[in-house]
Amino acid sequence: DSNYKTKQEQKENKLIWLLKKCVASFHYLKKLKSTHILEYPLNNCSSIHETIKDLSGFKLKNILQNNTNRKTVYLCGSFESKEGDAVVILEKTPFAEENLNTDSDYFTEKSYLEKVFQNDIYGDYKYFPTNELNTVKTTIIHPATEKHIIKFSGQRCYIVDETPEIYNDIVLPHLSQEQFNLQWVYNILEHKSEADRIVFEDTDPNNGFVMVPDLKWGGEIDTLYLLAVVNRRNIKSLRDLTDEHLPLLKNIKEKGIEAIKSKYGLDGTQLRIYLHYQPSFYHLHIHFCSLRHEAPGILAEKAHLLSNVISNIEILPDYYKKSTIPFAIRENEKLFLALEKKGIVKKV
Ligand code: M7G
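Procedures and definitions
- Residues numbered from 1 in each chain as written.
- Predicted model: local features only at pLDDT ≥ 70, side-chain atom pairs only at ≥ 80, totals over all residues.
- Heavy atoms only, no water.
- Phe/Tyr/Trp six-rings, centres within 6.5 Å; stacked < 30°, edge-to-face > 60°.
- Helix = DSSP H or I, 4+ residues; strand = E, 2+ residues; numbered from the N terminus.
- Buried < 20%, exposed > 50% of the residue type's maximum accessible area, 1.4 Å probe, protein only.
- Lys NZ or Arg CZ within 6 Å of the ring centre and 35° of its normal.
- Near = heavy atom within 4 Å.
- Polar contact = N/O pair within 3.5 Å; in protein donor to acceptor, adjacent residues only side chain to side chain.
- Areas by Shrake-Rupley, 256 points an atom, 1.4 Å probe, with all protein chains shown as cover.
- Nonpolar A, V, L, I, M, F, W, Y, C, P; charged D, E, K, R; others polar.
- Contact = heavy atoms within 4.5 Å.
- UniProt positions renumbered as here; feature names shortened; annotations may be inferred.
- Core = buried A, V, L, I, M, F, W, Y, C linked by side-chain atoms within 4.5 Å.

**Quick look at the packing of aromatic side chains**
- Counting across every chain of the model gives 12 aromatic pairs.
- For the ring pair tyrosine 106 and phenylalanine 107, a centre distance of 6.1 Å and an interplane angle of 50 degrees mean the geometry is tilted.
- Ring centres of tyrosine 158 and phenylalanine 336 lie 4.9 Å apart, and the angle between their planes is 55 degrees; on these two criteria the pair is classed as tilted. With tyrosine 158 in strand β7 (residues 157-162) and phenylalanine 336 in helix α8 (residues 334-341), this pair connects stretches of sequence that are 178 residues apart. There is no split in this pair, since tyrosine 158 and phenylalanine 336 are both buried.
- In textbook terms, an aromatic cluster arises when at least three aromatic residues are bridged by ring pairs, as seen for Phe95, Tyr106 and Phe107.
- The lysine or arginine in question, lysine 147, covers the ring of phenylalanine 180, its NZ or CZ lying 5.2 Å from the ring centre.

In structure tokens:
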């Protein structure tokens, strides 16, 4: 009889334990949703990207930034009958050398000239090349989070000298609350998106990676921009790298260069290969860019050449755990507020 009773109690205890687990999981999911980790709707059916044909449904709210050097404008708005904000990026594309030949429509009557004025031997014209030669690279982010809107706003930047203490006490806890969703990265790794764009893949779980054209790349060789996304999911950024990752970093460098050489004919000496700190996306990835192209994010406060990274770790295995790594931050970012509260940065 007492044996039966203990068994009953055990069953009841197990049930209570299971119930408690369910409640905890529910609270955990709720918490994830309230942070920015689950920021996208789980149901993708309402995605603007399935149906959009033109920008007639775009309702412009404001211009986040107009970069005349890059001939790029960053717009914030929304789409008719779609929930949420959208960021639309319009970029006038560079000339592609492969289109500059005598057969191209630049030099036929399909493209036309409008004279503005003439003075002696000097003439000023507006030229209207055919549509094919005149594309505007367009990136649409929808639904866009507040963090996307901040990322593309032309705000004042500040340099923060991030010591390991600042990273561990302020930046890292902030990252677990606030970071961009990594679904697009996992979609690449799992061949759910951009599978037909893969330039190279090494499936090794530890040292492997997938190389794809970067979202920013318009496709001209002169502005070549590829991204190597590592298979491992536990490396957030440069900060996490130690000698344990040397085989991975060397593998990416060697095979990434080889892949670009064989597909695009561009030599390794013509590539700028680097990591960003801070990155926007905390899943390790390496940028491979044409040396001739001044891509966004190649400035000293953000880009770390892969060769330097490898060398620093070879000299000191935990170099990036111990060093102060400066980075630039916009004043409307939430992390800025956290750093400001601790007196680490101050608005000027
Ligand atoms: P980052 O160093 O984390 O941030 O780089 P950054 O945006 O400040 O440079 C992430 C890189 O991933 C950037 O170069 C983006 O252009 C690129 N990227 C972002 N998304 C959302 C995608 C995507 O969906 N597909 C591809 N192929 N590249 C992306």
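**Some thoughts on the site of the ligand**
- Around the ligand sit 18 residues in total, of which Lys151, Glu194, Asp214, His276 and Lys302 are the nearest.
- At 2.6 Å, a side-chain N or O of aspartate 214 approaches an oxygen atom of the ligand.
- The separation between an oxygen atom of the ligand and a polar side-chain atom of histidine 276 is 2.6 Å.
- Calculation on the ligand without its partners gives an accessible area of 590 Å², and the protein chains cover 89% of this total.
- Listed by contribution, the elements that provide at least two residues to the shell around the ligand are β9 (209-213), β10 (225-230) and β12 (285-290).
- In the shell around the ligand, the residues fall into eight nonpolar, four polar and six charged.

**Observations concerning the side chain of arginine 239**
- Inspection of the secondary structure puts arginine 239 in the loop between β10 and α5 (246-264).
- Arginine 239 has contacts with Glu162, Thr163, Pro164, Tyr167, Tyr277, Tyr320, Lys321, Ser323, Thr324 and Ile325, leaving out every residue within four places of it along the chain.

**Points about the UniProt feature "active site" (unreviewed entry) in the chain**
- Sites flagged by UniProt as "active site" (unreviewed entry) map to His285.
- Turning to its location among the elements, histidine 285 is positioned in strand β12.
- If sequence neighbours within four positions are ignored, histidine 285 has contacts with Leu227, Ala228, Val229, Leu275 and Pro279.
- Within the local environment of histidine 285, its side chain forms a polar contact with the backbone oxygen of histidine 283, the two atoms lying 2.7 Å apart.

**Comments concerning the nonpolar core**
- In terms of nonpolar packing, the biggest core is built from 51 residues, with Leu226, Leu241, Leu249, Ile260, Ile286, Phe288 and Leu339 touching the most fellow members.
- When residues no more than four places from it in sequence are discounted, the contact partners of leucine 249 are Leu241, Leu284, Ile286, Leu306, Val309, Ile310 and Ile313.
- Formed by 10 residues, the second largest nonpolar core is a distinct cluster that contains Phe180, Ile188, Val212 and Val229.

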